[in-house]
Amino acid sequence: MDISTFCRELPKIELHAHLNGSLSMSTMMELQRYLADSGVRDETNVFTDEFVLSAGDTRTMEDCFQVFGIAHALTCTPGALEIATYLTLQEFEADGCCYIELRSTPRDTPHMTKQQYITAILQGIKKFSLQHTMESRLIISVNRNSNKEEAEEIADLTIEFYQKQPELVVGIELSGNPTIGEFQMFVPTLTKARQAGLKVTLHCGEICNPKEILEMINYKPDRIGHAICIHPKYGGTDELWAALCKSSIPVEVCLTSNVNTKSVPSYDSHHFKLLYDANLPVAISTDDKGVFATSLSQEYTLCAETFNLDKAQIAQLALSTCKYVFDTSIREKIQENVIEFTNKNGIKLFV
Ligand SMILES: CNc1ncnc2c1ncn2[C@@H]1O[C@H](COP(=O)(O)O)[C@@H](O)[C@H]1O
Ligand SMILES: [Zn+2]
């Protein structure tokens, strides 16, 4: 079996996927048809062909945040959002994913409230789960461009949904354009959610901001996303790198996203190697598989090919990712998926 087939068939765990960044072209077409049929005419003429930022695209990370508006126009009603959720989960499962923590930012639209937004996604997850085996959970996102009141509103909703459906809502996260807003402002809000029992993950170090990165690491989130500008070689400092190493916070690594937003110059020079060589916990993830034209199996394949990892090392990465999932009750079950597959393929793993 070649490495890309192996990465495709390996049961994988997705821990960093933004719903609206994960929409495929076919899902977007389906949503356009659905909205047109529902009589929501304004939203049906979005330029879906501008949604994908492939390698070589001259657009920057800043431009990337504009692109999400295209997806947002298509997920503006509860029905469309539910379909978007269902189809996206179906694609992750078809790619060999056995557990996913999908994340999304509740928005008020002319057709729904933030509460209805969360309900629609959960509805999509529940419908999907009735007919499929992949386990799906939801992390609610707070955008860095929101004000304190809006962040509080989202945290309160997250807590409310978590208390009613702890089997589905597992965490809260901070994302959005890293040049906007300050982590400190969100600390009381995130802490409130954390004290209610939710797990926390933060987009950390997508741009160089040593002061904020140190505050984030010292906050001891359950995971962080990206962790680029931490080592001195990547615009960080010795102090930041030492703090990360000491913390053992698992890092959600998104290779293609980082290359396509030009946060790192190439796959070869991606900081995955530093994290891996330092034995730090990592979770290979897609970030926005629609915007960056990738898939979880493609990210595993790129990782294997770029850093010369063999099948056993790649499978070991998938297995260790099980330890970082927010729904700890499912850990053993998904570990078994990976182990069963590797046993069949004559690969011995360390549990
Ligand atoms: C590329 N790196 C990134 N860095 C930071 N935030 C990102 C991101 N990629 C996506 N998002 C966040 O996810 C939203 C889209 O999905 P949802 O509407 O929430 O489902 C974006 O608007 C942004 O806030
Ligand atoms: Zn992200």
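Predicted, not measured: the structure shown is a model, and the values here were computed from it.

1. Details of the pattern of salt bridges
Working step 1: Across all of its chains, the model carries 20 salt bridges by this definition.
Working step 2: Between Asp327 and Arg137 there is a salt bridge; the shortest N-O distance is 2.7 Å. Placement of Asp327 in the loop between α13 (311-321) and α14 (331-344) and of Arg137 in strand β3 (residues 135-143) is noted, with a sequence separation of 190 residues between them.
Working step 3: Judged by its relative accessible area of 11%, Asp327 is buried.

2. Structural notes on the site of ligand 1
Working step 1: Taken together, 19 residues lie near ligand 1, and His72, Ser104, Thr105, Glu206 and Asp288 sit nearest.
Working step 2: A distance of 3.3 Å separates a nitrogen atom of ligand 1 from a polar atom in the side chain of Asp287.
Working step 3: Considered on its own, ligand 1 offers 510 Å² of accessible surface; in the complex 98% of this is hidden by protein.
Working step 4: Those elements that provide at least two residues to the shell around ligand 1 are α3 (61-74) and β2 (97-104).
Working step 5: Of the residues forming the shell around ligand 1, the biggest block, three residues, is contributed by α3.
Working step 6: For the shell around ligand 1, a count of residues per class yields four nonpolar, 11 polar and four charged.

3. Remarks on the packing of aromatic side chains
Working step 1: By the definition in use, this model includes six aromatic pairs.
Working step 2: Their ring planes at 20 degrees and their centres at 5.3 Å tell us that Phe272 and Tyr276 sit as a pair that is stacked. You can see Phe272 and its partner Tyr276 sitting in helix α11 (residues 272-277), four residues apart, about one turn around the helix.
Working step 3: Taking relative accessible area as the criterion, Phe272 reaches 0% and is therefore assigned buried.
Working step 4: Within the aromatic cluster, the residues linked to one another by ring pairs are Phe272, Tyr276 and Phe307.

4. Concerning the coordination of the zinc ion (ligand 2)
Working step 1: Around the zinc ion (ligand 2), the protein contributes the donor atoms His16 (NE2), His18 (NE2), His203 (NE2) and Asp287 (OD), which lie 2.1 to 2.2 Å from the metal centre.
Working step 2: Coordination at the zinc ion (ligand 2) is irregular: its four donor atoms span angles of 83 to 167 degrees at the metal.
Working step 3: The sequence pattern describing where the donors of the zinc ion (ligand 2) fall on their chain is H-x1-H-x184-H-x83-D.
Working step 4: You can call His16 buried: its relative accessible area is 0%.

5. Observations concerning the packing of helix α4 (residues 78-94) against helix α5 (residues 114-131)
Working step 1: Their axes nearest at 8 Å, the elements α4 and α5 cross at an angle of 40 degrees. Of the possible angle classes, the one that applies to α4 and α5 is oblique. Helix-helix and strand crossings are classified by hand; for α4 and α5 the assignment is right-handed. Contacts from Pro78, Leu81, Glu82, Thr85, Tyr86, Leu89, Gln90 and Glu93 in α4 reach Tyr117, Ala120, Ile121, Gln123, Gly124, Ile125, Lys127, Phe128 and Gln131 in α5.
Working step 2: In terms of residue class, the contact of α4 with α5 is built from nine nonpolar, five polar and three charged.

6. Considering the confidence of the model for the protein chain
Keep in mind that low pLDDT regions are not for reading the predicted coordinates in detail.
Working step 1: Per-residue confidence for the protein chain averages 96 on the pLDDT scale, and 100% of its residues sit at or above 70.
Working step 2: Interface confidence in the predicted complex, given as ipTM, is 1.00; pTM for the same model is 0.98.

Scoring rules and cut-offs
- Residues numbered from 1 in each chain as written.
- Chains lettered and ligands numbered in written order.
- Predicted model: local features only at pLDDT ≥ 70, side-chain atom pairs only at ≥ 80, totals over all residues.
- Heavy atoms only, no water.
- Salt bridge = Lys/Arg side-chain N within 4 Å of Asp/Glu carboxyl O.
- Helix = DSSP H or I, 4+ residues; strand = E, 2+ residues; numbered from the N terminus.
- Buried < 20%, exposed > 50% of the residue type's maximum accessible area, 1.4 Å probe, protein only.
- Near = heavy atom within 4 Å.
- Polar contact = N/O pair within 3.5 Å; in protein donor to acceptor, adjacent residues only side chain to side chain.
- Areas by Shrake-Rupley, 256 points an atom, 1.4 Å probe, with all protein chains shown as cover.
- Nonpolar A, V, L, I, M, F, W, Y, C, P; charged D, E, K, R; others polar.
- Phe/Tyr/Trp six-rings, centres within 6.5 Å; stacked < 30°, edge-to-face > 60°.
- Donors = N, O, S within 2.8 Å, 3.2 Å for Na, K, Ca; no water.
- Tetrahedral: all angles 85-135°; square planar, octahedral: opposite > 155°, others 65-115°.
- Axes fitted to C-alpha atoms, helices over the stretch in contact; angles between N-to-C directions.
- Parallel < 35°, antiparallel > 145°, perpendicular 65-115°, else oblique.
- Left-handed = near helix turned anticlockwise from the far one by under 90°.
- Contact = heavy atoms within 4.5 Å.
- pLDDT = per-residue confidence, 0-100.

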